[in-house]
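This is what each chain is made of:
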Amino acid sequence: MDIFSGVVFIILFILIMVIVFSMGLISTYIGKKEIAFIIMIGFVLGGVGGYFFIEPIYEESPYIGATLYGLFTTENEHINLILPTSSNVTQISSEILNQDGVESISTNGFDLKTNSYTNSQQKTIETHLNSMNEIKSFKLNNDIISVNLAEDSQSTATLGSLVSWLSKNGVSSEFAFIHLQVNVKSSSVKDIKTYLEDKHYTVNSVEGPVQSLITHTSDSLLSQWVIIIITGLIGVCVSIAGIYADSVIGFFRKGRR
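Structural notes, computed from the coordinates. Bear in mind that the values here come from a model prediction, so they are computed numbers and not experimental data.

## Focus on the overall build of the protein
Part 1 of the reasoning: Along the protein, the regular secondary structure elements total ten helices and six strands.
Part 2 of the reasoning: Computed over the C-alpha atoms, the radius of gyration of the protein is 30 Å, more than 25% above the 18 Å expected from 2.2 N^0.38 for a compact globule of 257 residues.
Part 3 of the reasoning: Viewed in the frame of its principal axes, the protein has a C-alpha envelope of about 100 × 40 × 30 Å.
Part 4 of the reasoning: For the protein, the proportion of its 257 residues judged to be buried stands at 35%.
Part 5 of the reasoning: If you take every contact in the protein between residues at least 6 apart in sequence, the share linking residues at least 24 apart comes to 80%.
Part 6 of the reasoning: Accessible area for the protein stands at about 15600 Å²; split by element, carbon and sulfur atoms hold 58% of it.
Part 7 of the reasoning: Of the side chains in the protein, 15 bear a positive and 23 a negative charge, and the two mean positions are spaced by 16 Å.

## Brief notes about the pairing of strand β1 (residues 76-84)
Remark: a regular strand shows side chains that alternate across the two faces of the sheet.
Part 1 of the reasoning: With nine bridges connecting them, β1 and strand β5 (residues 173-185) associate as antiparallel partners. Bridge pairing in β5 places Asn80 opposite Gln181.

## Section: the side chain of His179
Part 1 of the reasoning: Its place among the elements puts His179 in strand β5.
Part 2 of the reasoning: Residue classification places His179 among the buried positions, given a relative accessible area of 15%.
Part 3 of the reasoning: One polar contact links His179 to Asp111, side chain to side chain, over a distance of 3.1 Å.
Part 4 of the reasoning: Dropping the residues within four chain positions of it, His179 is found in contact with Leu81, Ser106, Thr107, Asn108, Gly109, Phe110, Asp111, Val147, Asn148 and Ser155.

## Examining the packing of aromatic side chains
Part 1 of the reasoning: All told, the structure shown has three aromatic pairs when counted by the stated rule.
Part 2 of the reasoning: A centroid spacing of 5.6 Å and a plane angle of 65° characterise the contact between Phe9 and Phe53, whose relative ring orientation is edge-to-face. A residue pair is termed long-range when its members are at least 10 positions apart, and Phe9 in helix α1 (residues 3-25) and Phe53 in helix α3 (residues 35-72) qualify at 44 residues.
Part 3 of the reasoning: Overall, the relative accessible area of 22% leaves Phe9 in the partly exposed class.

What counts and how
- Residues numbered from 1 in each chain as written.
- Predicted model: local features only at pLDDT ≥ 70, side-chain atom pairs only at ≥ 80, totals over all residues.
- Heavy atoms only, no water.
- Helix = DSSP H or I, 4+ residues; strand = E, 2+ residues; numbered from the N terminus.
- Rg over C-alpha atoms; globule rule 2.2 N^0.38 Å.
- Buried < 20%, exposed > 50% of the residue type's maximum accessible area, 1.4 Å probe, protein only.
- Contact = heavy atoms within 4.5 Å.
- Areas by Shrake-Rupley, 256 points an atom, 1.4 Å probe, with all protein chains shown as cover.
- Lys, Arg positive; Asp, Glu negative; His and termini not counted.
- Charge placed at Lys NZ, Arg CZ, Asp CG, Glu CD.
- Pairing = 2+ DSSP bridges.
- Polar contact = N/O pair within 3.5 Å; in protein donor to acceptor, adjacent residues only side chain to side chain.
- Phe/Tyr/Trp six-rings, centres within 6.5 Å; stacked < 30°, edge-to-face > 60°.

In short, the description is geometric, and any link to function would need to be established separately.
Okay, here's the thing in structure tokens:
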């Protein structure tokens, strides 16, 4: 949702509240027996208005806040891609690096699918991976070897070396994916992510202070029904304000006299 749509939604909700207030004002002409009905209508209109106009804005609030935060922070976000080894990583990296907002690109790991191996072979593989200085961390899970590389390590070279070593030790490799990390200015994450998706690259995750803010704020959001009830109660309050507006205004006028 863009800013213009958000402003329009807020204005529409305010207009609904104006209608509710006006209904309260005419309660003096239709009798006190209808006050409960007007209050009920205020709750319904407030809830409906909240569902259509306030709840969508509320759902977007983590992204709105993160966008504003991104405009003032100098920290960068990291977009993590997964590319098949058949990809021309050098060319892809060069094209991405030419996009506005991209600071740098690094290949920081890979996933390697192998055939099944025994428990003793797994221990041998783990020992070998621990001995490789260029490997920062790794995980073995269901014949998938996931590797995170130390800074400035070369994914393709390390992957090739590992595949060769596995083959010599009786473990064949089936396919692999390269991890590509794109270092992006916070204000450019959305544009770069859209560009990557349009290119049909697999975006695995987005990491950084802005993304962390979005995640934390999203986890703290109230449920949809709570927002509807709150806006319904706002409608009740507005209707009551309309019902007693004449009395309050008359009281102040008498006080001035």
